[in-house]
Amino acid sequence: MKWVMPFEAGNAKLKETLGGKGANLAEMTKAGLPVPPGFTVTTDACRAFYAAGKTMPNGLLDDIRQAMTELEAKKQETFGDSERPLLVSVRSGSVSSMPGMMDTILNLGLNDVTVRGLARQTGDERFAYDCYRRLVQMFGNVVFNVESHMFEHALKRYKKDRGFTEDGEMTAADWMQMIDQYKAIIERQTNRVFPQNVYEQLALAVDAVFRSWNNQRAIVYRNLYNIPEAQGTAVNVQSMVFGNRGDDSGTGVVFTRNPSTGEAVLFGEYLTKAQGEDVVAGVRTPLAVALLQQEMPVVYDQLLETAQRLERHYKDMQDIEFTVEKGTLFILQTRNGKRTAKAAVRIAVQLEQEGLITKEEALQRIEMEHLNQLLHRAIEGEDKLDVIATGLPASPGAASGMAVFDADTAEAWGRSGKKVILVTEETSPEDIHGVIAAEGVVTSRGGMTSHAAVVARGMGKPCICGCEKLRINDEERAFVVDGVRIAEGDIISIDGATGRLIRGAVKLREPEIDGDLSQLLEWADEVRTLGVQANADNPEDAAKARQFGAEGIGLCRTEHMFMSQDRLPVVQEMILAENETDRRSALARLLPMQRADFDGMLRAMEGLPVTIRLLDPPLHEFLPNLEELLLRHQALVLGGTANEPEGEQKRLEQLIRKVRQLHESNPMLGHRGCRLGIVFPEIYEMQVEAILLAAADCKRDGVDVRPDIMVPLVGHVNELKLMRETIEAVALRVQEAAGTAVPFRIGTMIEVPRAALTAKDIAQYADFFSFGTNDLTQMTFGYSRDDAEGKFLTHYVDTKLLPANPFEVLDEDGVGQLIDLAVTKGRAANPTLKTGVCGEHGGNKQSILFCRATGVDYVSCSPYRVPLARIAAAQAEL
Ligand code: ADP
Ligand code: MG
Ligand code: MG
């Protein structure tokens, strides 16, 4: 058989061919676990299907028929037989885990005749027709694309007419009527007939799974997780077991450890008299698996033992689907379980301590997304929270935002920059774009393993599930809970760690590092060779960075120090000065303020380098916006000057004149960076004086400080040469005045492509290079960072014209080449040259791997990304 492989012939290594699900079913079969027999149609067949213009490749149907014959022999049942009908599930299974993204059909092989055989064989007519109606619905949905709600609606109405509230009240005769209705719905909607020929059912189902590889939600998911389109999906055909047969039957999902906290206890959910997706779909809220221990202790022990065995085998926490049929346990799927960041870290550390994996493996287990999530917010201050409901704590983190009730609104509002919380009864894969856009998710139904919970955990967003008291009214666009009404657009907050739904906004607290994470970080520091520093502009951030393990400040931007309320007037005075004397007098008043700033920074980073960048932005950024000034001026002129002091109008006019004078049509490429320091040297002189005076103060107090003075935006060696002379002259002056010499280094930011290209020359005047990859990317691509995203860059990335947004992921081929070149040439000219990368890229894993490969000495990123960078830097070594 070319296109098909029975479970017993495969193994876990054949994931590329069998898909994740198929490979693990094979592995478990080989290990002797109770897996219902079946076979896998390979991903090769899927690729061949697409290559042949969405038609079944030659020989596939024959192979399937042959595999079915073998399966019939194993099960002692016959596909389509009126007495002992073989029933199968048709399950998609891609190579990369895509939970809920593809469609599965259960109970295939039932028709008007075989259903009677099943009823006779099991002595349970109601059960048989329950299975059949499920098949017609799933088949109608997956194969014929009839929307599920059409079926659900019909069922709801049927139950309502008879006063039923639960599916359990439906008799065999009721299901028979539903089946007729379902068939009629299919015919009405599609002009097609539910096929009675079981091989036709099977062929159509396989075809549909192949096609579902390219359905909208699969594509969205693939794009989100960068899963290659060419991978294709496998199809698993597996003999059915039934969790819907009676009280001693059921279906469930277990994790070998708690996927929220990482605690090493069996964790999961279980529903009696249920089949397939009933647990995850949130149709009924399931029971904790611990209850199974009371109801069926033997089955529970067997499940526990199997779970532990699977975990040891795969050396990782497993997410296991199981079904109990009349007291017998069957395993239907296992995979490495999705988990929260907290759990990921805890499990990695525990598995190392249990001797299952090495430290290096533990480090490799940590995903950047996880760390991102771990360094997530929580609610600050527990009192005065207006908690209106509590649900299941499905994914940790806290968020506030406007309530919205459907995925499309979430996306639309999210696009327009609003923070939203998606509130729905439950989510399905069709809602994934809404989850992406939302800050967090709340559902009124479904458990810890529901779709919303799984997806939110994967994305690191807070989520509350099964908030059953919520009454959502889609028409009114509002929900009510215990008499409290929240309308669309009202602010709510959620705490995914405790499951609390809160009215109004809350204050969020930044995260801290716990014992497990410190352990991992310690291991990371043992392994890594790349330095990790932080970008921080004030002593508080610097202290935070240090606490997170930063080995210095790679970038301290001084312009932020100019922006604060008390300084801006003095800064403006400096800018408005008509001559050097006036300018110097304003600068003289800024000096002590800057001196205090640097004092704080340097002390916070005692013993570590602090790279201080001299003023970079164009001066007009410190002045009010022109239109605003003109409006104010107009108001003043029209309204008279009754309430305004005399000089106000004159001052405004002066401001307007200056703003116009400083106006540049291309400020990003204009009078900024060292160009400013060269034309107005007194500004940089003041800053350097403030840095060195502060350093001298520290030194006098016995504090070991290491200032690095960084000149921005150098493009020509002469710029740095001149600036170096200026800085050294100031240093000499300060040294004489202070009576002590403080060691410092002078370096430059490499952010203009020409600087990278002429690194050999520039390095002669630089003690260090710091790659400002934001500007370097902007100037190398010629993309304005502030405009590109909204105008064309998103389109470029969506259409895959660019592999990624170069402002997020360093462009290795272009920008990276410049870095590589500058490091090499710079070091050749100056062997003691230090090199680092600052900018957004310093906290991005892919970019960190690249930095390591290029041989730069350190990366510098925002304080909250420092732990992430430490782990990524360790992973770069493995
Ligand atoms: P998904 O990838 O969405 O989890 P699955 O193929 O795993 O889809 O199946 C959906 C549900 O149907 C799961 O709960 C699974 O355990 C159940 N299921 C699949 N095949 C069988 C089978 N042969 N017998 C009983 N239940 C099955
Ligand atoms: Mg599914
Ligand atoms: Mg599954």
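Residues numbered from 1 in each chain as written. Chains lettered and ligands numbered in written order. Predicted model: local features only at pLDDT ≥ 70, side-chain atom pairs only at ≥ 80, totals over all residues.

Per the secondary structure count, the chain includes 34 helices and 33 strands. Its C-alpha atoms give the chain principal-axis dimensions of roughly 105 × 65 × 55 Å. Here the chain holds 878 residues, and the buried ones make up 50% of them. Nonlocal contacts in the chain, meaning residues at least 24 apart in sequence, comprise 68% of its contacts between residues at least 6 apart. (Helix = DSSP H or I, 4+ residues; strand = E, 2+ residues; numbered from the N terminus. Buried ≥ 20, exposed ≤ 12 C-beta atoms within 10 Å, placed from the backbone. Contact = placed C-beta atoms within 7 Å.)

A rise of 1.5 Å per residue sets the reference length of helix 12 (residues 341-353), with its 13 residues, at 18 Å; its end C-alpha atoms lie 18 Å apart and thus fit the reference within 8%. For helix 12, a buried count of 11 out of 13 residues is recorded, marking the element as mostly surrounded by other parts of the structure. One or two steps after helix 12, the chain reaches G355, where phi turns positive at roughly 80°. (Expected span 1.5 Å × (residues − 1).)

On to the UniProt feature "binding site: Mg(2+)" (unreviewed entry) in the chain, then. Here the UniProt-annotated "binding site: Mg(2+)" (unreviewed entry) positions come out as E751 and D775. In summary, the annotated positions, though distributed over 25 residues, converge in three dimensions, the widest C-alpha pair being only 5.4 Å. You can see E751 is positioned in the loop between strand 30 (745-750) and helix 28 (753-757). When near neighbours in sequence (up to four residues on either side) are disregarded, E751 contacts L713, G772, D775, L776 and M779. Topologically, D775 is positioned in helix 30 (residues 773-781). The buried category is assigned to D775, around which 22 C-beta atoms lie within 10 Å. (UniProt positions renumbered as here; feature names shortened; annotations may be inferred.)

It is worth spelling out the domain arrangement of the chain at this point. Segmentation of the chain into domains returns domain 1 (4-239), domain 2 (250-336), domain 3 (384-509) and domain 4 (528-618 + 664-875). For domain 1 versus domain 3, the separation of C-alpha centres amounts to 32 Å. (Domains from an automatic or database assignment.)

Turning to the site of ligand 1, a few remarks are in order. Residues in contact with ligand 1 amount to 15 residues; listed here are only the nearest, S89, R91, T104, G276 and E321. If you list the elements that add at least two residues to the shell around ligand 1, you get strand 5 (88-94), strand 6 (104-108), strand 11 (318-325) and strand 12 (328-336). Considered class by class, the residues forming the shell around ligand 1 number 5 nonpolar, 7 polar and 3 charged. Split by domain, the residues of the shell around ligand 1 number at least three in each of domain 1 (4-239) and domain 2 (250-336). (Near = placed C-beta within 6 Å. Nonpolar A, V, L, I, M, F, W, Y, C, P; charged D, E, K, R; others polar.)

A word on the nonpolar core. If you look at the biggest cluster of nonpolar residues, it comprises 250 residues, and the most contacted ones within it are A205, I421, L422, L520 and I553. If you tally residues by element for this core, the top one is helix 26 (residues 681-700), at 11 residues. Here A205 is in contact with V90, I105, L108 and V143, once residues within four sequence places are set aside. (Core = buried A, V, L, I, M, F, W, Y, C linked by C-beta atoms within 7 Å.)

The pLDDT averaged across the chain works out to 92; a share of 97% of its residues lies at or above 70. Taken over the whole predicted complex, pTM reads 0.75, whereas the ipTM for its chain interfaces reads 0.97. (pLDDT = per-residue confidence, 0-100.)

With that out of the way, let us pick up the pairing of strand 24 (residues 500-503). Note: strand 14 (residues 386-390) against strand 24, 4 bridges, orientation antiparallel. In the sheet register, A389 faces strand 24, and the bridge partner there is L501. Judged from the 4 bridges that link them, strand 23 (residues 491-495) and strand 24 form a sheet pairing that is antiparallel. Looking across to strand 24, one finds that D495 is bridged to R500. Following strand 23, the chain reverses through 4 residues before pairing antiparallel with strand 24; G499 in that reversal takes a positive phi of roughly 85°. (Pairing = 2+ DSSP bridges.)

Moving on, we come to the packing of helix 33 (residues 845-854) against helix 34 (residues 866-875). The geometry of helix 33 relative to helix 34 is characterised by a closest axis approach of 9 Å and an angle of 50° between their N-to-C directions. The pairing of helix 33 with helix 34 is recorded here as oblique in orientation. When you trace helix 33 past helix 34, the crossing you get is right-handed. In this structure, helix 33 contributes K845, I848 and R852 to the contact, and helix 34 contributes A869, A872 and A873. Taken together, the residues of the contact of helix 33 with helix 34 break down into 4 nonpolar, no polar and 2 charged. (Axes fitted to C-alpha atoms, helices over the stretch in contact; angles between N-to-C directions. Parallel < 35°, antiparallel > 145°, perpendicular 65-115°, else oblique. Left-handed = near helix turned anticlockwise from the far one by under 90°.)

You will see that N191, though not glycine, has its phi angle at about 60°, which is positive. N191 gets classed as exposed once you count the C-beta atoms within 10 Å, which come to 8. Its identity is not glycine, yet K326 carries a phi of approximately 45°, on the positive side. Note that K326 resides in the loop between strand 11 and strand 12.

The subject of this paragraph is the sheet that holds strand 9 (residues 267-272). Overall, antiparallel pairing links the 5 strands, which are arranged 10-9-8-11-12 in an open sheet. The sheet is open, and its two edges are formed by strand 10 (287-288) and strand 12, each paired on a single side. Inspection of the sheet shows strand 8 (residues 250-255) paired to strand 9 by 6 bridges, in the antiparallel sense. The residue of strand 9 that forms the bridge with V253 is E269. Here helix 11 (residues 297-314) sits on the sheet in contact with strand 8, strand 11 and strand 12, set at roughly 150° to strand 11.

Right, let's talk about the pairing of strand 32 (residues 834-838) for a bit. Among the 5 residues in strand 32, 5 count as buried, and that is most of the element. Alternating residues of strand 32 divide into K834, G836 and C838 and T835 and V837, and every residue in both groups is buried. Pairing of strand 31 (residues 768-772) with strand 32 involves 5 bridges; the strand directions are parallel. Paired with F769 across the bridge in strand 32 is T835.

Attention now goes to the sheet that holds strand 15 (residues 392-395). Strand pairing in a sheet relies on backbone hydrogen bonds, with the paired strands running either antiparallel or parallel. In space, the 8 strands of this open sheet follow the order 14-24-23-16-17-18-19-15, with mixed pairing throughout. Both outer strands of the open sheet, strand 14 and strand 15, are each paired with one neighbouring strand and no more. In this sheet, neighbouring strand axes are inclined to one another by 35° on average, regardless of whether the strands run parallel or antiparallel. As judged from the 5 bridges shared by strand 16 (residues 398-404) and strand 23, these two strands associate in the antiparallel manner. Residue A398 lies in a different strand from strand 23, and its bridge partner there is D495.

Turning our attention to the environment of V146. Along the chain, V146 turns up in the loop between helix 5 (125-142) and helix 6 (148-162). Not counting residues within four places of it along the chain, the set of residues in contact with V146 comprises G140, N141, I185, I186, Q189 and T190.

On to the environment of E77. Tracing the backbone shows E77 in the loop between helix 3 (60-75) and strand 3 (78-79). Judged by local crowding, E77 falls into the partly exposed class, with 19 C-beta atoms found within 10 Å. Sequence separation between E77 and S239 is 162 residues; the distance between their C-alpha atoms is 10.0 Å. If we skip the residues at most four places from it in the chain, E77 touches E72, R84, P85 and L86.

For helix 27 (residues 717-738), with 22 residues, the first-to-last C-alpha span of 31 Å sits near the 32 Å given by 1.5 Å per residue. For helix 27, every residue scored as buried is listed here: V717, E719, L720, M723, I727, V730 and V734. Here the buried residues of helix 27 occupy an arc of 150° about the axis, which is enough to place them on one side. For helix 27, exposure combined with an orientation more than 90 degrees from the buried face picks out E725, E728, L732 and E736. Next to the buried residues of helix 27 lie helix 25 (674-679), helix 26, strand 29 (706-711), strand 30 and helix 29 (759-762). (Arc of directions from axis to C-beta.)

The next point concerns the packing of helix 5 against helix 7 (residues 172-190). Two elements in contact, helix 5 and helix 7, have axes whose closest approach is 8 Å; the angle formed by their N-to-C orientations is 15°. With respect to helix 7, the axis of helix 5 lies roughly parallel. Taken as a pair, helix 5 and helix 7 cross one another with a handedness that is left-handed. For the pair helix 5 and helix 7, contact is made by E125, R126, Y129, D130, Y132, R133, V136, Q137 and G140 and by A172, W175, M176, M178, I179, Y182, K183, I185 and I186, respectively. For the contact of helix 5 with helix 7, a count of residues per class yields 11 nonpolar, 2 polar and 5 charged.

Here we come to the environment of V637. The topology assignment puts V637 in helix 23 (residues 626-639). In sequence terms V637 and G446 are 191 residues apart; their C-alpha atoms lie 63 Å from each other.

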